[in-house]
Every structure is written in C-alpha cells, then in structure tokens.
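# Secondary and tertiary structure notes
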Amino acid sequence: MARRYKSRVFRRIFHIKIRAVGHSEASQQAGTAVDQTGRSFHDTRTEPRMFKSGRFVADALGDLRDSQVQPNGVDLTLGALYEQVEPGRIERGDKTVGERQEVEPDDGVYHLDRGGYIVEYADRVVIPDGHIGFLLPRSSLLRNSCMLDTAVWDAGYEGRGEGLLEVHHPIELEQGARIAQLVLADAAHEGTYEGSYQGENL
Ligand SMILES: O=c1ccn([C@H]2C[C@H](O)[C@@H](COP(=O)(O)OP(=O)(O)OP(=O)(O)O)O2)c(=O)[nH]1
C-alpha cells in the first residue's frame, strides 16, 4: 500500500517535471524530449503521426477564423451554392461540367429544399507537398439529414474547391457557416496536382 502511494507521488512529481520542460527541449528529435534530469522520454506531442494536427492544416491554408481550427483539422465554410441545370459529360479521356445556376441566399441564409446542390467552399485550400487531403462533412449536417459528398484532395492542389450537398430534409444554412472538416495526412506521391481544377475559384 505504502509502495503504491510512493510510486504515485513519484509519477506525479515526474509528470510535473516533464510538463515544465516545454517544447524547446522537444525540438531535439521528433518524438523524444529531455526532462530536467537530462533523461530522454517519449513525447507524444512531437511524435511523427500519419494525420497532421489542425494547427498544421491551418498554417498550410492561412487566413482562417480561430473557430475553424479543430484538434485534427480545419473546418471549411460555405461560400456559394449552385443548382445544376444542364447535363455534364464524363468520357474516357475528357469531361465537361454541366451548366449551373447560382442559388441566392435570403439575407445571407440559404433556405434549401430537398435536392442536390453544388457547394463552393469559401476557403482557399492548399495541399502541401508530401500530403493528401480528405474532407468530411460536419456531423451537424448528418444530424440534420444532409450529406456532403467529397473526393480526394491531391498534393499541390490550390483553389476554392467544390462538393455535392445532399439535402434529404429541408435545411437553412448561413453563408460562411462551417460545413466540413479538412484533414491532412502524410502521403508519398509522384508529381503534384496539374489537373483542370488547379487554381479554381481563386
Ligand atoms: O471534394 C473535393 C475533393 C477534391 N477537390 C479538389 C482537390 C483535387 O485535387 C481537385 C481535383 O479532384 P479530382 O482529381 O477528383 O478531379 P478529376 O475529376 O479527376 O479532374 P482532373 O483530372 O481535372 O483533376 O479538386 C474538390 O474540390 N472537392
């Protein structure tokens, strides 16, 4: 019993020391840091991870509101909405995006009936070399019977991207509202994005 108490006290003292070291010591080698006694220890704050922190993603994108920065990614916001009015075409070697009409918000708020809408995000996205981006819908959309369909964000892409908003129950969305979360993962790749959507909506 006394031994268990002692080891608990030791752990507490040791933990306080580790916290006091801070990030400057941790910069020696990612994933390790040195405590005040000179002993190195495993530091989960700087350990290399497959997925990057929200702060890392925010630094890559720049110019975001604080409320957009999440622990594991950053929230993208609603820029504009469109309804497709003409068919598009996807061939083996080419594609055409069908004509669309912009949906006008009412005093900054979209009142949406059931249907499919093309979303343009308000935020400029940059996918840094060595990374891949995944965008996921904000769960509040799902909880309101809506879904955001998204694809892969390639290394080197830069632009204000687009997605498909599925509205299964009427919803009101304010322009600038956070609707999705972008996460970045480390990724090997050959070359960088040079497709037709490079620089879109900038
Ligand atoms: O939900 C998404 C996912 C990705 N993108 C951006 C980033 C991505 O790098 C770019 C191109 O996506 P994709 O490679 O899927 O486009 P594509 O249909 O293959 O056309 P292209 O060959 O011109 O790139 O569009 C979006 O705007 N929305």
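Residues numbered from 1 in each chain as written. Predicted model: local features only at pLDDT ≥ 70, side-chain atom pairs only at ≥ 80, totals over all residues. Heavy atoms only, no water.

### Some points on the overall build of the protein chain
Helices and strands together make up the secondary structure of the protein chain, namely four helices and 16 strands. By the burial criterion, 32% of the 202 residues in the protein chain qualify as buried. Sequence-distant contacts, at least 24 apart, represent 66% of the contacts inside the protein chain between residues at least 6 apart. (Helix = DSSP H or I, 4+ residues; strand = E, 2+ residues; numbered from the N terminus. Buried < 20%, exposed > 50% of the residue type's maximum accessible area, 1.4 Å probe, protein only. Contact = heavy atoms within 4.5 Å.)

### Focus on unusual backbone geometry
Glycine aside, a negative phi is what most residues show, and trans is what most peptide bonds show. Phi is positive for Asp63, close to 50°, though the residue is something other than glycine. Inspection of the secondary structure puts Asp63 in the loop between helix H3 (54-61) and strand S3 (74-84). Unusually for a residue other than glycine, Asn201 sits at a positive phi of about 55°. The class for Asn201 is partly exposed, based on a relative accessible area of 30%.

### Overview of the pairing of strand S11 (residues 146-149)
Burial along S11 is one-sided: Cys146 and Leu148 are buried, while Met147 and Asp149, pointing the other way, are not. In the sheet, S11 pairs with strand S14 (residues 162-167) via four bridges, with the strands oriented antiparallel. From the neighbouring strand, Met147 faces S14, where its bridge partner is Glu166. (Pairing = 2+ DSSP bridges.)

### Details of a nonpolar patch on the surface
A cluster of nonpolar side chains, contributed by Met50, Phe51, Phe134 and Val152, occupies part of the molecular surface with about 380 Å² of accessible area. Residue position: Phe51 is located in the loop between strand S2 (40-42) and H3. Given a relative accessible area of 39%, Phe51 falls into the partly exposed group. (Patch = residues over 30% accessible without salt bridge, like charges linked within 9 Å, V, L, I, M, F, W, Y side chains within 5 Å. Areas by Shrake-Rupley, 256 points an atom, 1.4 Å probe, with all protein chains shown as cover. Salt bridge = Lys/Arg side-chain N within 4 Å of Asp/Glu carboxyl O.)

### Structural notes on the site of the ligand
Contacts to the ligand come from 14 residues, most closely from Lys95, Asp154, Glu162, Tyr193 and Ser196. Lys95 places a side-chain nitrogen or oxygen 2.5 Å from an oxygen atom of the ligand. In this structure, Asp154 approaches the ligand through a side-chain N or O atom, which is 2.6 Å from an oxygen atom. For the ligand, the accessible surface in isolation is 590 Å², of which the surrounding protein chains cover 72%. In the shell around the ligand, the residues fall into six nonpolar, four polar and four charged. (Near = heavy atom within 4 Å. Polar contact = N/O pair within 3.5 Å; in protein donor to acceptor, adjacent residues only side chain to side chain. Nonpolar A, V, L, I, M, F, W, Y, C, P; charged D, E, K, R; others polar.)

### Some remarks on the confidence of the model for the protein chain
In the predicted model, the protein chain carries a mean pLDDT of 88, and 83% of its residues have values of at least 70. Scored below 50 in pLDDT, residues 16-27 makes 17 contacts in the model with residues more than four places away or belonging to other chains. (pLDDT = per-residue confidence, 0-100.)

### A short note on the pairing of S3
The buried fraction of S3 is high, at nine of 11 residues. Sheet topology note: the S3/strand S16 (residues 178-186) ladder contains four bridges and is antiparallel. Within S16, the position partnered with Val74 by the bridge is Leu182. In this sheet, strand S8 (residues 115-121) lies alongside S3 in antiparallel orientation, the contact comprising four bridges. The residue bridging Ala80 from the neighbouring strand is Glu120, located in S8.

### Focus on the pattern of salt bridges
Under the counting rule described, the total for this entry stands at six salt bridges. In this structure, Lys52 and Asp186 form a salt bridge, with 3.1 Å as the shortest nitrogen-oxygen distance. Residue Lys52 is found in the loop between S2 and H3, and its partner Asp186 is found in strand S16; the two are separated by 134 residues along the sequence. Overall, Asp186 belongs to the partly exposed group, its relative accessible area being 38%. Residue Arg100 is joined to Glu162 by a salt bridge in which the shortest nitrogen-to-oxygen separation is 3.1 Å. Of this pair, Arg100 sits in strand S6 (residues 100-102) while Glu162 is found in strand S14, placing the two residues 62 residues apart along the sequence. Its relative accessible area of 30% is what places Glu162 among the partly exposed residues.

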